[in-house]
Amino acid sequence: MQSLYVEGNSAMHRLSPRVKLVALAIFSIVVFISENIALLSLAVLMTAIAWRMVGMPLADGLRRLRPVFLTIAIVALFNLIFNHWHDALVTLLRLTALMLLAATVTATTTIAQFIDEVTALARPLERTGRVQADDIGLAIGLVLRFVPEILNRYQAIREAHQARGLQIRPITLLAPLIILTLRDADNVASAIDARGIRRHGS
């Protein structure tokens with residue numbers, strides 16, 4: 001499996017994972033409260049600078065962000081069609097700023113760091129007797145690990161269809177993608193249980 005983490009020694013890499021996650025949460029609240037275009041534009045500029053500081057080649061960085069940005073552009077376009085242009089622009093700036101900061105945090109934080117922080121934050125929930133903090137951290141870590149793998153598999157299936165001269169349709173791409181992903185998920189779950197990583201009933 002591949003990771004979204006990018007090796008580096010930038011200021012964001014050196015920052016505490018907990019600080020980054022808390023900052024991301026606070027930033028998300030701020031950008032969704034504000035409707036000031038100047039402030040949101042500044043947020044986009046600052047997060048773009050932070051993203052470039054990760055140290056990734058520009059082409060690789062744009063390739064990572066392209067699918068998400070296309071989704072944001074579609075959402076903004078629908079807003080432009082059905083609402084005032086100001087609302088559409090606010091939506092575009094909000095989501096772009098949030099995407100850039102989230103991508104920066106993800107690229108500068110290892111899976112292990114994510115798991116450790118999520119597990120620590122979820123530890124108080126164990127008092128309810130309904131959840132295991134280690135399981136929550138593990139689940140988050142697996143999601144982060146599977147995202148790039150699923151994207152790569154989607155691209156591989158798409159290229160295979162193109163090579164065979166088959167028409168590209170969402171249903172023909174999603175069916176094999178879902179089957180392969182569920183198969184991998186089942187294999188990972190079996191491996192986890194075999195190693196006794198989950199501690200239910202302990």
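Residues numbered from 1 in each chain as written. Predicted model: local features only at pLDDT ≥ 70, side-chain atom pairs only at ≥ 80, totals over all residues. Heavy atoms only, no water.

Caption draft 1: Seen up close, the overall build of the protein. A tally of helices and strands in the protein yields eight helices and zero strands. Traced from its N-terminal end to its C-terminal end, the protein shows the element sequence α-α-α-α-α-α-α-α. Looking at the 202 residues of the protein, the share that counts as buried comes to 32%. In the protein, of all internal contacts separated by at least 6 residues, the share reaching a separation of at least 24 is 68%. (Helix = DSSP H or I, 4+ residues; strand = E, 2+ residues; numbered from the N terminus. Buried < 20%, exposed > 50% of the residue type's maximum accessible area, 1.4 Å probe, protein only. Contact = heavy atoms within 4.5 Å.)

Caption draft 2: How the structure looks around the nonpolar core. One finds Phe 27, Trp 51, Val 54, Leu 65 and Leu 100 to be the most contacted residues of the largest nonpolar core, which totals 24 residues. Taken together, the elements giving at least two residues each to this core come down to α2 (17-33), α3 (37-52), α4 (58-82) and α5 (85-107). Ignoring sequence-local partners within four residues, the contact set of Val 54 consists of Val 6, Ser 10, His 13, Thr 104, Ala 107 and Thr 108. (Core = buried A, V, L, I, M, F, W, Y, C linked by side-chain atoms within 4.5 Å.)

Caption draft 3: Representation of the packing of aromatic side chains within the structure. Following the criterion strictly, the structure yields one aromatic pair and no others. Taking the centre distance of 6.3 Å and the plane angle of 10° together, the rings of Phe 78 and Phe 82 count as stacked. You can see Phe 78 and its partner Phe 82 sitting in helix α4, four residues apart, about one turn around the helix. What makes Phe 82 exposed here is its relative accessible area of 63%. (Phe/Tyr/Trp six-rings, centres within 6.5 Å; stacked < 30°, edge-to-face > 60°.)

Caption draft 4: Summary view of the packing of α4 against α5. At a minimum axis separation of 8 Å, α4 and α5 run at an interaxial angle of 160°. Taken together, the axes of α4 and α5 are roughly antiparallel relative to one another. In this structure, α4 meets α5 at a crossing whose hand is right-handed. Counting all contacts with α4, which are made through Arg 64, Leu 65, Val 68, Phe 69, Ile 72, Val 75, Ala 76, Asn 79 and Leu 80, the residues of α5 involved are Trp 85, Ala 88, Thr 91, Leu 92, Leu 95, Thr 96, Met 99, Leu 100, Ala 103 and Ala 107. The residue inventory of the contact of α4 with α5, partitioned by class, reads 15 nonpolar, three polar and one charged. (Axes fitted to C-alpha atoms, helices over the stretch in contact; angles between N-to-C directions. Parallel < 35°, antiparallel > 145°, perpendicular 65-115°, else oblique. Left-handed = near helix turned anticlockwise from the far one by under 90°. Nonpolar A, V, L, I, M, F, W, Y, C, P; charged D, E, K, R; others polar.)

Caption draft 5: Summary view of the pattern of salt bridges. Within the structure shown, the criterion is met by one salt bridge. Close ionic contact of Arg 63 with Asp 60 constitutes a salt bridge, the shortest N to O distance being 2.4 Å. Here Arg 63 and its partner Asp 60 are both found in helix α4, three residues apart, which amounts to about one turn of the helix. (Salt bridge = Lys/Arg side-chain N within 4 Å of Asp/Glu carboxyl O.)

Caption draft 6: Up close: α4. Under the 1.5 Å per step criterion, the end-to-end length of α4 is 34 Å for 25 residues, consistent within 8% with the ideal 36 Å. Arg 66 marks where α4 bends most, by close to 45°; the proline Pro 67 follows one to four residues later. Listing the buried residues of α4 in full gives Gly 61, Leu 65, Ile 72, Ala 76 and Asn 79. Elements that come into contact with the buried residues of α4 comprise α3 and α5. (Expected span 1.5 Å × (residues − 1). Bend = angle between axes of the 7 residues up to and from the residue.)

Caption draft 7: Region of interest: the packing of α2 against α5. Running from amino to carboxyl end, α2 crosses α5 at an angle of 175°, the nearest separation of the two axes being 10 Å. Considering the angle they form, α2 stands roughly antiparallel to α5. Residues Lys 20, Leu 21, Leu 24, Phe 27, Ser 28, Val 31, Phe 32 and Ile 33 of α2 lie in contact with α5, whose contacting residues are Arg 94, Leu 95, Ala 97, Leu 98, Leu 101, Ala 102 and Val 105. When its residues are assigned to classes, the contact of α2 with α5 shows 12 nonpolar, one polar and two charged.

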